[in-house]
Amino acid sequence: MDGPGRPAESRRRTNTLSGDSLHARVLAALLVMALLGGLAGPPDHSSPIPPEATVKQSSARVTQGATTPVTTQPRVDCRRERCVALTYDDGPGLPTPRLLDVLERHRARATFFVVGEMVRMHPGTTRRIGREGHAIGVHTWHHSDLSTLSARKVRDQLSRTAELIRRVTGTSPTLMRPPYGASNRLVRRVERQLGLTEIMWDVDTADWLVRSPVSVRERALRGVRRNSVVLMHDIRPTTVDATGSLIRALRRRGFRLVTVPELLGPTRPGHSYYDWRRRSQVVR
Ligand code: NI
């Protein structure tokens, strides 16, 4: 694509830059020789479209959202292994970068259900969440109780947040979690129209209520089963304090820490997974 045009352009540039025609001719001759000899040529800053950009463009659909190292992680089969998905709601907030440091140190991935107005306040942190391989889902724009809203307002709360996530991270979210776990048929119908799957939880750490790292860790460990989804909040410093020792304890019990997409695989939009009322993992 950039084969024939490149030497001519390089030559022209060299000429302009040196102002010494002999020097320029020697350089041009060397360049032609290098190209004829099948060498790669000089580092390509003259070509407007370097070859690697072409590759990136053509595979953009495949790599979108996977500029993160997700693909390089060994695949976890949660039908066979003991998986657990840690989920963090209501952020990103001020404690979130510290949580990301903890997760990075432990090479653990989690799922973040973010609030639109928080994303607008912390776009850099949101971008980092995506970049470091965590999954991101929608948690409404205003942390609204969707079960009390009209279809139009539900749609607005979800689509506005999804659109901002897409603009900030480059990836469209496919998961959502309704604030307070409050949903109904109307909400799920809108979710289906927007291509969003509802993800509840089966383990509640009550970290918003009891602000103690020991309590967060112990509640999580007491409730966790194979393939559990654990509810926490990354806007709580105590939850961030608990996360390192929780991860170590879970791993000692043989759990693999995965994101919700890794745990569930492909999900059906408009359906709800897990049931916090029954503490069950049943799919509705
Ligand atoms: Ni919430």
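The structure we're discussing is the one just above.
Reading the values: the criteria
- Residues numbered from 1 in each chain as written.
- Predicted model: local features only at pLDDT ≥ 70, side-chain atom pairs only at ≥ 80, totals over all residues.
- Heavy atoms only, no water.
- Core = buried A, V, L, I, M, F, W, Y, C linked by side-chain atoms within 4.5 Å.
- Buried < 20%, exposed > 50% of the residue type's maximum accessible area, 1.4 Å probe, protein only.
- Contact = heavy atoms within 4.5 Å.
- Helix = DSSP H or I, 4+ residues; strand = E, 2+ residues; numbered from the N terminus.
- Arc of directions from axis to C-beta.
- Polar contact = N/O pair within 3.5 Å; in protein donor to acceptor, adjacent residues only side chain to side chain.
- Pairing = 2+ DSSP bridges.

Undergrad: What am I meant to see in the nonpolar core here?
TA: Burial of nonpolar side chains together is a common tendency in soluble globular proteins. Of all hydrophobic cores here, the largest spans 41 residues; its most connected members are Leu86, Phe112, Leu158, Val230 and Leu250. Not counting residues within four places of it along the chain, the set of residues in contact with Leu86 comprises Ala110, Thr111, Val230, Met232, Leu246, Ile247, Leu250, Leu257 and Val258. Counting 16 residues, the second largest nonpolar core, distinct from the first, contains Val76, Met200, Trp201 and Val258.

Undergrad: Before we go on, may I ask you to explain helix 9 (residues 185-194) in this structure?
TA: For the α-helix, the turn length of 3.6 residues means that residues three or four positions removed from each other point alike. Buried residues of helix 9: Val187, Arg188, Val190 and Glu191, and no others. Looking straight down helix 9, one finds its buried side chains confined to an arc of 160 degrees; they lie on one side. Turned more than 90 degrees off the buried face of helix 9, the exposed positions are Arg185 and Arg192. Contact partners of the buried residues in helix 9: helix 8 (151-169), strand 4 (175-176), strand 5 (197-199) and strand 9 (272-275). With a side-chain oxygen positioned 3.1 Å from the backbone nitrogen of Leu186, the residue opening helix 9 is Asn184. At the exit of helix 9 stands Gly195, carrying a positive phi of roughly 75 degrees.

Undergrad: Teacher, can you tell me more about the pairing of strand 3 (residues 135-138) here?
TA: Successive side chains on a regular strand alternate, one facing one side of the sheet and the next facing the other. Burial of strand 3 is two-sided: the residues Ala135 and Gly137 facing one way and the residues Ile136 and Val138 facing the other way are all buried. Two strands pair when backbone bridges link them, and strand 2 (residues 111-114) and strand 3 are joined in this way by four bridges, in the parallel orientation. In the strand pairing of strand 3, Val114 is matched with Val138.

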